[in-house]
Amino acid sequence: SIKSCSLFSSNIFLGIKDVLSRKKLYITMLIVLILATFIMIVPQNLYNTISSKSFVTYMGVGDCDIRIDIQQKSDIKNKSESIVKAMKNDKNISKYALFYTKSFKLKNADGSSDNFPVKYSKGSSPASNNEIALSVTNSEEINKTVGDTIVLNINGQDKKLTVCGIYSDITNGGKTAKATFNSDLNDIMYSIIYVKATDKSNLDSIFNKYSKDFTYGKVSHIDEYISQTFGSIKDSIKLASTAAMIVSIIIVALVTLLFIKMLISKDKYPIAIMKSLGFTNNDVTVQYIVRAVVVSILGIVLGTILANTLGELLAGSILASLGATTFKFMVNPIVAYILSPVILILTVIVSSIIVTANLGKIKISDNIKE
């Protein structure tokens, strides 16, 4: 009971009791807080995901430290093999992978041909020379999945290949493929060498060595490559994330101010009764703050769940249209689960304090009539 606890505890009890007894009255504020939390967290999670090193897997690239591109050069094959030869005896490199990109002809069901340039969501990487892995966009365009066969025209001969895997790739319009069969390696479009360092501290040394010794190759730290490829997008999302946070704070502040003001106007008689029973203006203020905080906590929890489910689904559907599947948010727990909720709750508390500053104007004699 109220008598058995301190006055401050009584204020908390009365605040929570009011929310539970007048649930419908607080639904509007709850919905606004859910949406504000959603708007604040989703852009943050999207920015963290694109900024993370693991985002490179959505570009059809495995986990690596350095990337070397050789393109728009003559004799790409020999140039690439020269770099690989040097890497074989380099103790700073734990492993590497060389990929050539060529254009082949894909035989359609009607016998016509189309140009087919070269984190699996289905299947696995090619293990034999009669297997091929397709990017999501390619598999959807030609309506092929794991286990199906396609026909490529290789060196003037038709070759049947079994689709062994489907992977995410948002480069080259999302239309790529990976295979291990032998080709004459003529007319190579470009080559890429992915490098994994033995020790991360040697990355700069590896970068400097291969940049100096093989000037025809473009050597990039994988972080730098991601930054160059998605730099403008990252900057835009970061700006949107900051703007979303500011907008969310403003919305929560305005709604809290208006809602608490409406409650006070509606509750003048109960407030006057409490004052006649010995409750001070500070006691009543605490009760309104408790009401707002209870609703805000519930709204933040539901908004966070919504951001990590529906928000992830919406962001994933956008990237899926570019060729990336199995999209998962990379969440910064400190920002998403601590900093953002604390900012919103503080906004609610400050707004409640501001709007309840005029409780002293509510006179007992003016609002209690016999």
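Please read these numbers as outputs of a predicted model, since none were measured by experiment. (Residues numbered from 1 in each chain as written. Predicted model: local features only at pLDDT ≥ 70, side-chain atom pairs only at ≥ 80, totals over all residues. Heavy atoms only, no water.)

### Observations regarding the packing of helix H2 (residues 27-51) against helix H6 (residues 222-266)
Line of reasoning, step 1. At a minimum axis distance of 8 Å, the contact between H2 and H6 shows a crossing angle of 165 degrees. By the criterion of interaxial angle, the relationship of H2 to H6 is roughly antiparallel. Here H2 and H6 pass one another in a crossing that is left-handed.
Line of reasoning, step 2. Per-class residue counts for the contact of H2 with H6 are 22 nonpolar, five polar and two charged. (Axes fitted to C-alpha atoms, helices over the stretch in contact; angles between N-to-C directions. Helix = DSSP H or I, 4+ residues; strand = E, 2+ residues; numbered from the N terminus. Parallel < 35°, antiparallel > 145°, perpendicular 65-115°, else oblique. Left-handed = near helix turned anticlockwise from the far one by under 90°. Nonpolar A, V, L, I, M, F, W, Y, C, P; charged D, E, K, R; others polar.)

### Here's the deal with the packing of aromatic side chains
Line of reasoning, step 1. All chains considered together, the criterion is met by four aromatic pairs.
Line of reasoning, step 2. Centroid distance Phe 99 to Tyr 194: 5.5 Å. Interplanar angle 65 degrees. Geometry classified as edge-to-face.
Line of reasoning, step 3. Between Phe 214 and Tyr 216, the ring centres sit 6.1 Å apart and the planes meet at 75 degrees, which makes this aromatic pair edge-to-face.
Line of reasoning, step 4. Residue classification places Phe 214 among the buried residues on the basis of a relative accessible area of 12%.
Line of reasoning, step 5. Cluster of aromatic residues (ring-pair linked, three or more members): Tyr 210, Phe 214 and Tyr 216.
Line of reasoning, step 6. The residue whose ring lies beneath Lys 178 is Phe 99, and the NZ or CZ to ring-centre distance is 5.0 Å.
Line of reasoning, step 7. For Arg 291, the ring lying beneath its charged end belongs to Tyr 288, and the centroid distance is 4.2 Å. (Phe/Tyr/Trp six-rings, centres within 6.5 Å; stacked < 30°, edge-to-face > 60°. Buried < 20%, exposed > 50% of the residue type's maximum accessible area, 1.4 Å probe, protein only. Lys NZ or Arg CZ within 6 Å of the ring centre and 35° of its normal.)

### Topic: the confidence of the model for the protein chain
Line of reasoning, step 1. With 81% of its residues at a pLDDT of at least 70, the protein chain reaches an overall mean of 81.
Line of reasoning, step 2. Counting interchain partners and residues more than four positions distant, the pLDDT-below-50 stretch residues 1-7 has six contacts. (pLDDT = per-residue confidence, 0-100. Contact = heavy atoms within 4.5 Å.)

### Quick word on the nonpolar core
Line of reasoning, step 1. The biggest cluster of nonpolar side chains holds 26 residues, and the ones touching the most others in it are Met 29, Ile 260, Ile 271, Tyr 288 and Val 295.
Line of reasoning, step 2. Of all the secondary-structure elements, those providing two or more residues to this core are helix H1 (7-21), H2, H6, helix H7 (268-276), helix H8 (281-320) and helix H9 (333-355).
Line of reasoning, step 3. When residues in this core are grouped by element, the largest group, six residues, is from H2.
Line of reasoning, step 4. One finds Ile 68, Ile 83, Tyr 100 and Val 195 within the second-largest nonpolar core, a separate group that totals 18 residues. (Core = buried A, V, L, I, M, F, W, Y, C linked by side-chain atoms within 4.5 Å.)

### Points about the pattern of salt bridges
Line of reasoning, step 1. Going through the model one piece at a time under the given rule, you end up with six salt bridges.
Line of reasoning, step 2. Measuring nitrogen to oxygen at the nearest pair gives 2.8 Å for the salt bridge that ties Asp 69 to Arg 67. Residues Asp 69 and Arg 67 agree in their burial class; the two are buried.
Line of reasoning, step 3. The residue Glu 81 makes a salt bridge to Lys 77 at a minimum N-O spacing of 3.0 Å. With Glu 81 and Lys 77 both in helix H3 (residues 76-88) and four residues apart, the pair spans about one turn of that helix.
Line of reasoning, step 4. Taking the relative accessible area as the measure of exposure, Lys 77 reaches 27% and is therefore partly exposed. (Salt bridge = Lys/Arg side-chain N within 4 Å of Asp/Glu carboxyl O.)

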